[in-house]
Amino acid sequence: MKTSIATVSISGNLVEKLEAIAAAGFDGIEIFEQDFIAHDGSPREVGDLIRSMGLEITLFQPFRDFEGLPDPLRAKAFDRAERKFDLMQELGTDLVLVCSSCHPQALGGVDRAAADFHELGERAARRGLRVGFEALAWGHHVNDHRDAWEVVRRADHPNVGLILDSFHTLGRGIDPDTIRRIPGDRIFFVQLADAPRIDMDLLYWSRHFRNMPGEGDLDVTGFMRAVMATGYAGPVSLEIFNDQFRGGLPRGIARDGYRSLIALMDDVRREGPASVPDLPDIPARSRVGGVSFVEFATRGDEAEALETMLTTLGFQHSGTHIAKALTLWAQGDIRIVVNRETTGFASSAYAMHGTTVCDIGIAVEDAAGTVARARQLGADPFQQPTGPGELDIPAIRGLSGSVLHFIDEASGLSDVWSVEFTRTETENTDAGLRRIDHLAQTMSYDEMLSWSLFYTTLFEMGKSPMVDVVDPDGLVRSQALEATDGAFRITLNGAETHRTMAGNFLADSFGASVQHIALATDDIFATSAALAARGFKPLPISENYYADLAARFDLAPDMLERLREGNILYDEDAQGAFFQLYSRPYAGGMFFEIVERRGGYAGYGAPNAPFRIAAQKRLMRQKGIPKR
Ligand code: MG
Ligand code: MG
């Protein structure tokens, strides 16, 4: 399988695009004519430049408004085609994409179009070139791959074939299984794009909202399974028009593209029955058992403040590392590592971000297999020197320089706590916190698709619908990712303005970061009482909130009173109830959340977020945090 991507999918100038595409691991590019024209260099130089980067030109595009024209427009269209053929030969590519005509004077008629393509095929064959016909979803006469195939079939020329594009087929709601009856050797090229389901004009939707397979709502896997069933053996290429990507960093977008394409083709192979030739073996998505640990990089007063917060939350200082400045804090199945090292990764993370979550440990069935999959999808491994008696725990770089470690039982990695830490005997301080319910990562809105693709291609996780969280100073978009059994949940919060609580945290921390950790209890009221006894100070919630709560939900007066007394927030969905208790913000806007889910409540308390955020902001303003 040859991987390819259209130059239009990536931001930057032509050289930046090519460098990013080559670095991400693609085999080839579709050269978009506009990217060539904007570049200052002869076609031969551009072709040589592309090949010098180890890439081949899989396709030249687009050639528009060709078929069905009356004379003299028809003759002019053939003249235009000959000039494109000249250019293709200089560049060094043999395939041109002809998209179905939107010309106001184009006439309909399958035979007329077929005759035009037969003649174009003759002219292409004289130069050893090939012509591919693509049905644009908004083409005037041909806007369905079945009609384009009929034109190609009747053109009956070996140098004329079909080009399929998942967006044009799936965007119009055409059953992709209709592709299965097309002979694979008559399909010259396949373009892939996903898109979020938005009800809007097809052309506008296509030009602005396409995204990488797996990032949207279209069944790109089903489309590609149908294509592979035909015996198609040509390039699989991404063609993504997206406003956000145009403003993104070339390397990040190219890496996302490669990750999405390999994950997609791996899914196609797994779902079978058609094979995907030349795709290397890739371990399956990892099933996550939960968060094994969260590690903070911190120092000095901020470290003291964090440990005081952990103490009031009922955590026990349960271990000290045999060689490094690490302390382990535990409660239930929750482990928090406080790292005060002055060298190594955590130290650099602290230097860059101040107190921050620098590392997340994920419990998986096969740690080495998880890293192998991540690497096949383009992630970089992460390695730090291990001292005597320390375990070599497999790890990768996540996005934005973050680090993920993988812990399994099978290779003994879950023994790390007894192997690397000396046990500290302390009194039992348990406040009923059992496990990590979710981690909330804050990022700029533009990074959300990258992160959700990263998690959903590596782990067995699904996406919940995006929800809007209203901050008094702007909107924050929130996307939850969850393992099917709920053992691992992450919320991605995308901020567009620095005036929001999330945006302000982001401005201080220079990148996507864990802003809050939600800890689950089985009894919120017992936990709340235990925490109060330990000196925990909850986030004060306004009286008005409880007055409104009484109006919104049918709650017994004593229940309402217990919520109000404990500063506990409440929500319901069709399945059950949700209770939330927040810590006060610390270290530039991080906080802890304590939750109880009853009866299968599936959300994250989004309706409460505006009141929680307002309360946090009141407190931060009083205290003069954050600094900016
Ligand atoms: Mg296309
Ligand atoms: Mg939360």
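Residues numbered from 1 in each chain as written. Chains lettered and ligands numbered in written order. Predicted model: local features only at pLDDT ≥ 70, side-chain atom pairs only at ≥ 80, totals over all residues. Heavy atoms only, no water.

**Regarding the overall build of the protein chain**
As a reminder of what qualifies: For the purposes of this entry, the term helix denotes a DSSP run of H or I that reaches at least four residues, the term strand denotes a run of E that reaches at least two, and both are numbered from the N terminus. Two things to know: the radius of gyration comes from C-alpha atoms, and the globule rule equals 2.2 Å times the number of residues to the power 0.38. A 1.4 Å probe rolled over the protein chains alone gives each residue an accessible area, and that area as a share of the maximum for its type sets the label: buried under 20%, exposed over 50%, partly exposed in between. Contact definition: two residues touch when any of their heavy atoms are within 4.5 Å. Values of accessible area rely on a 1.4 Å probe in the Shrake-Rupley scheme; residue burial ignores everything except the protein chains shown. Counting rule for charge: Lys and Arg are taken as positive, Asp and Glu as negative, and neither His nor the chain ends is counted. A charged residue contributes its charge at one atom only: NZ of Lys, CZ of Arg, CG of Asp or CD of Glu.
Each helix and strand counted, the protein chain has 21 helices and 25 strands in total. For a compact globule of 628 residues, the expected C-alpha radius of gyration is about 25 Å, and the protein chain comes in at 28 Å, within 12% of that figure. Looking at the protein chain as a whole, 57% of its 628 residues qualify as buried. Taking the intrachain contacts of the protein chain between residues at least 6 apart in sequence as the baseline, contacts between residues at least 24 apart amount to 73%. As displayed, the protein chain offers around 25,000 Å² of accessible surface, 49% of which is attributable to carbon and sulfur atoms. Side chains of the protein chain give 63 positive and 89 negative charges; the mean places of these two sets differ by 3 Å.

**Considering the coordination of the magnesium ion (ligand 2)**
As a reminder, the rule being used: Coordination here is defined by N, O and S atoms within 2.8 Å of the metal (3.2 Å for Na, K and Ca), and since water is not considered, a site can look incomplete.
The coordination sphere of the magnesium ion (ligand 2), as far as protein atoms go, consists of His438 (NE2), His516 (NE2) and Glu593 (OE), spread over 2.2 to 2.3 Å. All donors of the magnesium ion (ligand 2) belong to a single chain; written as a sequence motif, their spacing is H-x77-H-x76-E. A residue pair is termed long-range when its members are at least 10 positions apart, and His516 in strand 22 (residues 513-521) and Glu593 in strand 25 (residues 591-598) qualify at 77 residues.

**Brief notes about the state of the cysteines**
Note the cut-off: Disulfides are defined as cysteine sulfur pairs within 2.5 Å.
In total, this model carries zero disulfides according to the counting rule given. The cysteine Cys99 is free of any disulfide, with Cys102 supplying the nearest cysteine sulfur at 7.0 Å. Among the residues examined, Cys99 registers a relative accessible area of 2% and is labelled buried.

**A short note on the sheet that holds strand 8 (residues 236-238)**
What counts is decided by this rule: Only strands joined by at least two bridges in the DSSP assignment are considered to pair. Only the contacting stretch of a helix is used when fitting its axis, a line to C-alpha atoms as for every element, and angles between N-to-C directions run 0 to 180 degrees.
Spatially, the eight strands close up into a barrel ordered 1-2-3-4-5-6-7-8, and their pairing is parallel. Within the sheet, the average angular offset between the axes of one strand and its neighbour, ignoring direction, is 30°. Where strand 4 (residues 95-99) lies against strand 5 (residues 130-134), five bridges are found, and the strand directions are parallel. Bridge pairing in strand 5 places Cys99 opposite Glu134. Helix 5 (residues 110-126) rests against strand 4, strand 5 and strand 6 (160-165) of the sheet, and its axis sits at about 150° to strand 5. Lying on the sheet, helix 11 (residues 250-271) is in contact with strand 1 (3-6), strand 7 (187-192) and strand 8; it crosses strand 8 at an angle near 140°.

**As for helix 18 (residues 524-533)**
Using the following cut-off: In this context, the arc is that of the directions from the helix axis out to the C-beta atoms. Pairing of N or O atoms within 3.5 Å defines a polar contact, subject to two protein rules: one partner must be a possible hydrogen donor and the other a possible acceptor, and residues neighboring in sequence count only if both atoms are side-chain atoms.
Turning to helix 18, its buried residues are Ile524, Phe525, Thr527, Ser528 and Leu531. Buried residues of helix 18, viewed axially, fall in a sector of 160°; they line one side. On its buried face, helix 18 sits against helix 12 (300-312), strand 17 (433-444), strand 22, helix 20 (557-566), strand 24 (577-582) and strand 25. Its side-chain oxygen at 3.1 Å from the backbone nitrogen of Phe525, Asp523 defines the N-terminal cap of helix 18. Directly after helix 18, the chain includes Gly535, whose backbone phi takes a positive value near 90°.

**Considerations on the environment of Phe579**
Within the secondary structure, Phe579 sits in strand 24. Taking relative accessible area as the criterion, Phe579 reaches 1% and is therefore assigned buried. Placed 15 residues apart in sequence, Phe579 and Ile594 show a C-alpha to C-alpha distance of 8.1 Å.

**A look at the nonpolar core**
Going by this rule: Here, nonpolar core means buried Ala, Val, Leu, Ile, Met, Phe, Trp, Tyr and Cys residues that are tied together by side-chain atoms lying within 4.5 Å of each other. In this document the domain limits rely on a domain assignment from an automatic tool or a database.
Among the nonpolar cores identified, the biggest contains 93 residues, and Phe296, Phe406, Phe459, Leu563 and Phe592 are the most heavily contacted of them. Both of domain 2 (288-423) and domain 3 (433-622) provide at least three residues apiece to this core. When near neighbours in sequence (up to four residues on either side) are disregarded, Phe406 contacts Ile362, Val364, Ala367, Thr370, Val371, Ile393, Pro394, Ala395, Ile396, Leu413, Leu458 and Phe459. By size, the runner-up hydrophobic cluster in this structure holds 86 residues, among which are Leu129, Val151, Ile179 and Val276.

**Observations regarding the pairing of strand 23 (residues 569-572)**
Bridging between strand 23 and strand 24 involves four bridges; their strand directions are antiparallel. Directly across from Asp571, in strand 24, lies its bridge partner Phe578. Between strand 23 and the antiparallel strand that follows it, strand 24, lie four residues.

**Some details on the side chain of Asp165**
In this structure, Asp165 sits in strand 6. Leave out the neighbours within four places in its chain, and Asp165 touches Glu134, Gln191, Arg210, Phe223 and Glu239.

**With respect to the domain arrangement of the protein chain**
The cut-off we apply is this: The term buried area means the drop in 1.4 Å probe accessible area that two parts suffer when joined, counted for both and summed. One side-chain nitrogen of Lys or Arg within 4 Å of one carboxyl oxygen of Asp or Glu is enough to make a salt bridge. Three classes are used: nonpolar for Ala, Val, Leu, Ile, Met, Phe, Trp, Tyr, Cys and Pro, charged for Asp, Glu, Lys and Arg, and polar for all others, with Gly counted as polar.
The assigned domain composition of the protein chain is domain 1 (3-271), domain 2 (288-423) and domain 3 (433-622). Between domain 2 and domain 3, the C-alpha centre-to-centre distance is 23 Å. Each side of the interface is counted separately: domain 2 has 39 residues, and domain 3 has 33 residues. Together domain 2 and domain 3 conceal approximately 3,000 Å² of surface at their shared face, both sides included; 75% is due to carbon and sulfur atoms. Per-residue buried area on domain 2 facing domain 3 is highest for Val288, Leu313 and Leu399; these three make up 19% of the total on that side. Seen at the junction of domain 2 and domain 3, the total is zero salt bridges. Those elements that place two or more of their residues in the side of domain 2 that touches domain 3 are strand 9 (288-297), helix 12, strand 12 (334-339), helix 13 (344-353), strand 13 (356-364), helix 14 (367-376), strand 14 (395-397) and strand 15 (403-407). Tallying contributions element by element places strand 9 first for the side of domain 2 that touches domain 3, with six residues. Of the residues contributing to the side of domain 2 that touches domain 3, the split by class is 22 nonpolar, 14 polar and three charged.

**Some remarks on the coordination of the magnesium ion (ligand 1)**
Here the magnesium ion (ligand 1) is held by Glu134 (OE), Asp165 (OD), Gln191 (OE1) and Glu239 (OE), and the distances to it run 2.1 to 2.2 Å. Within one chain, the residues donating to the magnesium ion (ligand 1) are spaced in sequence as E-x30-D-x25-Q-x47-E. Pair noted here: Asp165 is in strand 6 and Gln191 is in strand 7, with a separation of 26 residues, a long-range link. Overall, Asp165 belongs to the buried group, its relative accessible area being 2%. Judged by relative accessible area, which is 0%, Gln191 ranks as buried.

**A short note on the pattern of salt bridges**
Here the structure, examined in full by the defined rule, presents 42 salt bridges. Here Arg210 makes a salt bridge to Glu239, at a shortest N to O gap of 3.2 Å. Residue Arg210 is located in the loop between helix 8 (202-209) and helix 9 (220-229), and its partner Glu239 is located in the loop between strand 8 and helix 10 (243-246); the two are separated by 29 residues in the primary sequence. Exposure class is identical for Arg210 and Glu239. Each is buried. The salt bridge involving Glu596 is made with Arg598; its shortest N-O contact spans 2.7 Å. For Glu596, a relative accessible area of 5% puts it in the buried group. Taken together, the salt bridges that share partners define one network made up of Arg74, Glu82, Asp86, Asp116, Glu119, Arg123 and Arg127.

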